[in-house]
Structures are given as C-alpha cells and as structure tokens.
Amino acid sequence: MQHPIWFLCILIAGICLSCATSPKQGTPERAVPQSMVSEIPQGKVPELPPIPPIPEYIMGQGRTAPEKLASFLLASNPEAEASFVKDLAAIYVKEADMEGVNHDVAFAQMCLETGFLRYGNLVTPDMNNFCGLGSVGPGQPGEWFPDPQTGVRAQIQHLKGYATDAPLKQDLVDPRYRWVRYGSSPGIKGLAGTWSADQSYGDKIKNILERLYTFSFGEAS
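First, a word on scope: everything that follows refers to the structure included in this document. Everything quoted here is computed from the prediction, not taken from an experiment.

### Details of the overall build of the protein chain
Scanning the protein chain from N- to C-terminus turns up seven helices and zero strands. The buried share among the 221 residues of the protein chain stands at 38%. A separation of at least 24 residues holds for 56% of the contacts in the protein chain among residues at least 6 apart in sequence. A total of about 13,600 Å² of accessible surface is found on the protein chain, and carbon and sulfur atoms cover 57% of it.

### Focus on the packing of helix H5 (residues 103-114) against helix H7 (residues 201-217)
Two elements in contact, H5 and H7, have axes whose closest approach is 9 Å; the angle formed by their N-to-C orientations is 110°. Between H5 and H7, the angle is such that the two are roughly perpendicular. Our pair here, H5 against H7, has a crossing hand that is right-handed. Contacts from Asp104, Val105, Ala108, Gln109, Cys111, Leu112 and Glu113 in H5 reach Tyr201, Lys204, Ile205, Ile208, Leu209, Leu212 and Tyr213 in H7. In terms of residue class, the contact of H5 with H7 is made up of 10 nonpolar, one polar and three charged.

Quick notes on the rules
- Residues numbered from 1 in each chain as written.
- Predicted model: local features only at pLDDT ≥ 70, side-chain atom pairs only at ≥ 80, totals over all residues.
- Heavy atoms only, no water.
- Helix = DSSP H or I, 4+ residues; strand = E, 2+ residues; numbered from the N terminus.
- Buried < 20%, exposed > 50% of the residue type's maximum accessible area, 1.4 Å probe, protein only.
- Contact = heavy atoms within 4.5 Å.
- Areas by Shrake-Rupley, 256 points an atom, 1.4 Å probe, with all protein chains shown as cover.
- Axes fitted to C-alpha atoms, helices over the stretch in contact; angles between N-to-C directions.
- Parallel < 35°, antiparallel > 145°, perpendicular 65-115°, else oblique.
- Left-handed = near helix turned anticlockwise from the far one by under 90°.
- Nonpolar A, V, L, I, M, F, W, Y, C, P; charged D, E, K, R; others polar.

None of this, on its own, says anything about what the molecule does.
Okay, structure coming up:
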C-alpha cells in the first residue's frame, strides 16, 4: 500500500527532530564549564614539604611548635606529666627566642640531659635544672632554681654564652655564666669537650634533633 506524501513528510520531520534533541553517544548532555575543568585535579599527588635540615649552630630560629615539642617528649616518655611538659615546651620557645637561641637545640639538649625527664642521675626534678648545670659528681649534684622558667632561662643563657659574646637581653640567672669563654663554641658540636666531657655530646644532641624533626615534619606528623 502506498502512503500519502504528507504522511512521509511528517515521518521524516519526526526523525530529524529526534536526532537533533537526542545526545550523541559518548558525549555529555551538557558541556562542563572551562572554569570547572581547570579546577579538576590532574592526578598528581602534592609533595610533602621536606624535613628541615638539622641545625648546625646554637643561635638561630627554632622551627618546631611548642605543641610538637611536647608531643615528641611524651612519645619518648609517656609517663611524664602531660600538662607540665606542655608548659615546659612553651617556656623553651619563649625564653630561647628572647635571646636568639634556637629553641629546638635547647629542647633537644634538655631531652638528652634529663633522659626525656626521667632523670635518674645526680640531678633530680625538684632542682629545675634541665641541663646539668654544675653537676660534676657526688656531693656536687648541680645548681638549684626556684621554678622551671628560671631553670630554662639559665640554660638558655649558658648556651648563648658559648655561642656568642653578645650581651644577654634578660637579667642574669645563670650562676655559672661568668665561667664561660664567650663565643668559643658557636656550633652544636663545639659543646663536646666544653659543656660536657663527652666527645660525642654534640652528636647526641643532633641525633635527638633528627628524631624531633622526623617526628614533627615527617609523613606521620
């Protein structure tokens, strides 16, 4: 049977309309704006910032936040009193920065001298002596300080005395400061054989600094 011409025209028009409104296979129904395309990640994982280099000198700017200093010590000695450690870390940052001493170096030295606040040698916690100042043997356990801040300040002043001949910015509280040969040991390694008779003393401080930076700035931080 032959269809009328008008029927064929309607049929062809319907097919054309369907082709025009139906999405082509494999293409989106609506184009993504170019502004959105530029924001889509390209599959590259951002690199973590590198671990800072280990300090070589006593003077300088510390890099570790007080919260990280406290967490590092508590990870090494979970039995330490957390509130005291957090307060002590904040004191180290404040006192060291006042004198231009690297607070990471001073804190690492404290960790070495006190065994991460475990003590166990001549110095006891009630002495507030965090660096073994004046501790030379039986009968001479070391200096006593009235509170932790004074003890930390004395340590910072003693470190600054070894590092430079620049004057102190705060009132002197270190009773052994006058015995220091000012500016004789600007580097951490120079503390070996001067601050301590241990020839590996400087290396031990740097080893703790390496652990601190890995803990604070590494992938697991």
